[in-house]
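# Report on the structure
Chain by chain, the residues run as shown.
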Amino acid sequence: MTDRYAVIGNPIAQSKSPQIHSAFAKVTGQDIDYTKLLAPLGGFAAAVDAFRAAGGRGMNVTAPFKLDAFAYATDLAPSAQMAGAVNALKFEGDKVHAENFDGVGLVRDLVHNLGCPIKGRRVLILGAGGATRGALLPLLAEQPAELVIVNRTVSKAQALAALAQQHQSGKVPVHAAAYADVVGVFDVVLNASSSSLTAELPPLPPSVFSPDCLAYDLTYGKGLTPFLKLAQQAGVTRLADGVGMLAEQAAEAFAWWRGVRPDTAGVIQQLTVPLV
Ligand code: NDP
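Just so you know, the residues in each chain are numbered from 1, in the order the chain's sequence is written. Local features are withheld for residues below a pLDDT of 70 in this predicted model, meaning they are given only at 70 or higher, and side-chain atom pairs are given and counted only at 80 or more; totals for whole chains, interfaces and linings count all residues. Excluding hydrogens and water, the side-chain figures rest on all heavy atoms present in the structure.

### What about the side chain of Asn100?
Numbering of helices and strands runs from the N terminus, with a helix taken as a DSSP run of H or I at least four residues long and a strand as a DSSP run of E at least two residues long. As for its position among the elements, Asn100 is in the loop between strand 6 (95–99) and helix 5 (102–113). Should any heavy atoms of two residues lie within 4.5 Å, those residues are counted as being in contact. Residue contacts for Asn100: discarding those within four places in its chain leaves Ser79, Ala80, Ala83, Ala85, Val86 and Asn87.

### Concerning the environment of Gly9
Structurally, Gly9 is set in strand 1 (residues 3–9). Expressed as a C-alpha distance, the spacing of Gly9 and Thr219, which sit 210 residues apart in the sequence, is 18 Å. Not counting chain neighbours up to four residues away, the residues in contact with Gly9 comprise Leu37, Leu38, Ala39, Thr62, Ala63 and Phe65.

### Structural notes on the sheet that holds strand 3 (residues 56–61)
Note on pairing: two strands pair once DSSP finds at least 2 bridges between them. Judged by pairing direction, the sheet is mixed, and its six strands sit side by side in the order 2-1-3-5-6-4 without closing on themselves. Unpaired on one side and paired on the other, strand 2 (32–38) and strand 4 (75–76) mark the two borders of the sheet. Bridge count for strand 4 against strand 6 is two bridges, and the pairing is parallel. In the strand pairing of strand 6, Leu76 is matched with Ala98. Axis lines are fitted to C-alpha atoms, over the contacting stretch for helices. Their N-to-C directions set the angle, which ranges from 0 to 180 degrees. In the packing of helix 1 (residues 17–28) onto the sheet, the strands contacted are strand 1, strand 2 and strand 3, and the crossing angle to strand 2 comes to about 175 degrees.

### Re the layout of surface pockets
Cavities and pockets were defined on a 1 Å grid built over protein atoms only: a cavity is a set of grid points that admits a 1.4 Å probe from which the probe cannot escape, a pocket is an open set flanked by protein on both sides within 12 Å along at least five of seven lines, and lining residues are those with an atom within 4 Å of any such point. Grid points are joined across faces, edges and corners, and a volume is the space filled by probe spheres set on the points. Space inside the largest pocket adds up to approximately 1500 Å³. Residues are grouped as follows: Ala, Val, Leu, Ile, Met, Phe, Trp, Tyr, Cys and Pro are nonpolar; Asp, Glu, Lys and Arg are charged; all remaining types, including Gly, are polar. Classifying every residue of the lining of the largest pocket gives 19 nonpolar, 20 polar and seven charged.

### Some points on the pairing of strand 2
It is a general feature of regular strands that their side chains alternate between the two faces of the sheet. Pairing of strand 1 with strand 2, which is carried by seven bridges, proceeds in the parallel orientation. The residue bridging Val7 from the neighbouring strand is Lys36, located in strand 2. Throughout, right-handed denotes a crossover for which the path from the first strand over the helix to the second runs clockwise when the strands point away from the viewer. Read from strand 1 through helix 1 to strand 2, the crossover connection turns out right-handed.

### Topic: helix 1
Structurally, the α-helix is built with 3.6 residues per turn, so residues lying three or four positions apart point the same way. What a helix should span is 1.5 Å times the count of its residues minus one. With 12 residues, helix 1 extends 16 Å from end C-alpha to end C-alpha; this agrees with the ideal 16 Å at 1.5 Å per step. Phi turns positive, to about 70 degrees, at Gly29, one or two residues after helix 1.

### Observations concerning the site of the ligand
Throughout, the term near means that a residue has one or more heavy atoms lying within 4 Å of the molecule or strand in question. Not every one of the 24 residues close to the ligand is listed here, only the nearest: Ala131, Asn151, Thr153, Lys156 and Thr219. In the analysis that follows, any N or O atom pair within 3.5 Å is treated as a polar contact, provided that within protein one partner can donate a hydrogen and the other can accept it, and provided that, for residues neighboring in sequence, both atoms belong to side chains. Within the contact set of the ligand, an oxygen atom lies 2.7 Å away from a backbone nitrogen or oxygen of Ala131. Thr219 places a side-chain nitrogen or oxygen 2.7 Å from an oxygen atom of the ligand. In these tables, accessible area is a Shrake-Rupley quantity obtained with a 1.4 Å probe, and a residue counts as shielded only by the protein chains included in the view. Protein coverage of the free-state accessible area of the ligand, which is 930 Å², stands at 79%. Cavity and pocket membership follows a simple rule, namely that a molecule belongs there if more than half of its atoms are within 2 Å of the grid points. Under a 2 Å grid-point criterion requiring more than half of the atoms, the pocket assigned to the ligand is the largest pocket.

### Description of the pattern of salt bridges
Counted as salt bridges are all cases of a side-chain nitrogen of Lys or Arg within 4 Å of a carboxyl oxygen of Asp or Glu. Summed over the entire model, instances satisfying the criterion amount to eight salt bridges. For Lys66, the salt bridge identified is with Asp102, shortest N-O distance 3.3 Å. Note that Lys66 is positioned in helix 3 (residues 66–72) and Asp102 in helix 5, a separation of 36 residues in sequence. Taking the shortest distance from any N to any O, the salt bridge between Glu146 and Arg122 comes out at 2.6 Å. Taken together, the residues Glu146 in strand 8 (residues 146–150) and Arg122 in strand 7 (residues 122–126) connect sequence positions 24 residues apart. A single network of salt bridges, built from pairs that share partners, joins Arg108, Glu248, Glu252 and Arg261.

### Side note on the side chain of Glu146
Each residue is assigned to one of three classes by its accessible area relative to the maximum for its type, calculated with a 1.4 Å probe on protein chains only: buried under 20%, partly exposed between the two thresholds, exposed over 50%. Residue Glu146 is classed as buried on the basis of its relative accessible area of 16%. There is a polar contact of 2.8 Å between the side chain of Glu146 and the side chain of His175. The residues contacting Glu146, other than those within four sequence positions of it, are Arg121, Arg122, Val123, Val172, Pro173 and His175.

### As for the environment of Ala46
Position of Ala46 among the secondary structure elements: in helix 2 (residues 44–53). Residues Ala46 and Gly120, spaced 74 residues apart in sequence, show a C-alpha to C-alpha distance of 47 Å.

### Brief notes about the pairing of strand 3
Summarising burial for strand 3: five of the six residues are buried, a large majority. Alignment of strand 1 against strand 3, held across five bridges, turns out to be parallel. Among the inter-strand pairings, Val7 is bridged to a residue of strand 3, identified as Asn60. One ladder, built from three bridges, connects strand 3 with strand 5 (residues 88–92); its direction is antiparallel. Considered in strand 5, the bridge of Met59 is made with Leu89.

Here is the structure:
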């Protein structure tokens, strides 16, 4: 019987996950059925219960249900615990295994696809929401020289910096700052704020970009966002958006479910919107 998977969210029409996982199934020869599941707000647990009862094997979880999935899980992986949110579930009998692959997907895109090593480099990350929280440990595992978190609401950046220090016992210096107080230049600047969803420019001084910096916007499919334009105007030539991160976190989930890791190049090519 064909194994069933789904992505659950509200709204869900925009999700690229069925397209991505169908492509992965094709290249790996796996027989799966992957659909979109729209759950009503407040109806996450009932929708997942019904999916499991009908034989569902696993799910991707998107907004606004990542915290509901955290609460629903019986077995949380360290990545999910650290992120405080879940983006993938695997069902085995009564067990609900939960993971968060966003951070590992980001790092894999940076290091493997874009050839941008993190080790020994100065990294600046904008935003202190779920995406930054999930990215912290995978980024720190690469041993950057320093990680600075900048956020509009500084207290949130401070809380995440403290959490990161606690989890990696201070090996990599992690600092928090307000936009107006960011000093120095960075080798990698990551926009993990949601500013690009509304075409807004975070109040970032253009002096933060080193000449050979990589500027990376986690938001994908929006072309040259105001953040990427700022970097370009500051002389940065290495620009990327989060399409590779999307594909890589999906590949991690696929490998977790199916035991085979698909190549992501075809999916990244399919989904890439040119940065113009
Ligand atoms: P959250 O809602 O959890 O956090 C949003 C963050 O953005 C907050 O820190 C907020 O600051 C900040 N912010 C919002 N608007 C602005 C603005 N105009 N200027 C400066 N800062 C702003 O979102 P997530 O962390 O879940 O997601 C962040 C982005 O990452 C989204 O665009 C999302 O699409 C993308 N993403 C991409 C993924 C991928 O696979 N490529 C995966 C996950 C996320 P404050 O705290 O002050 O309100």
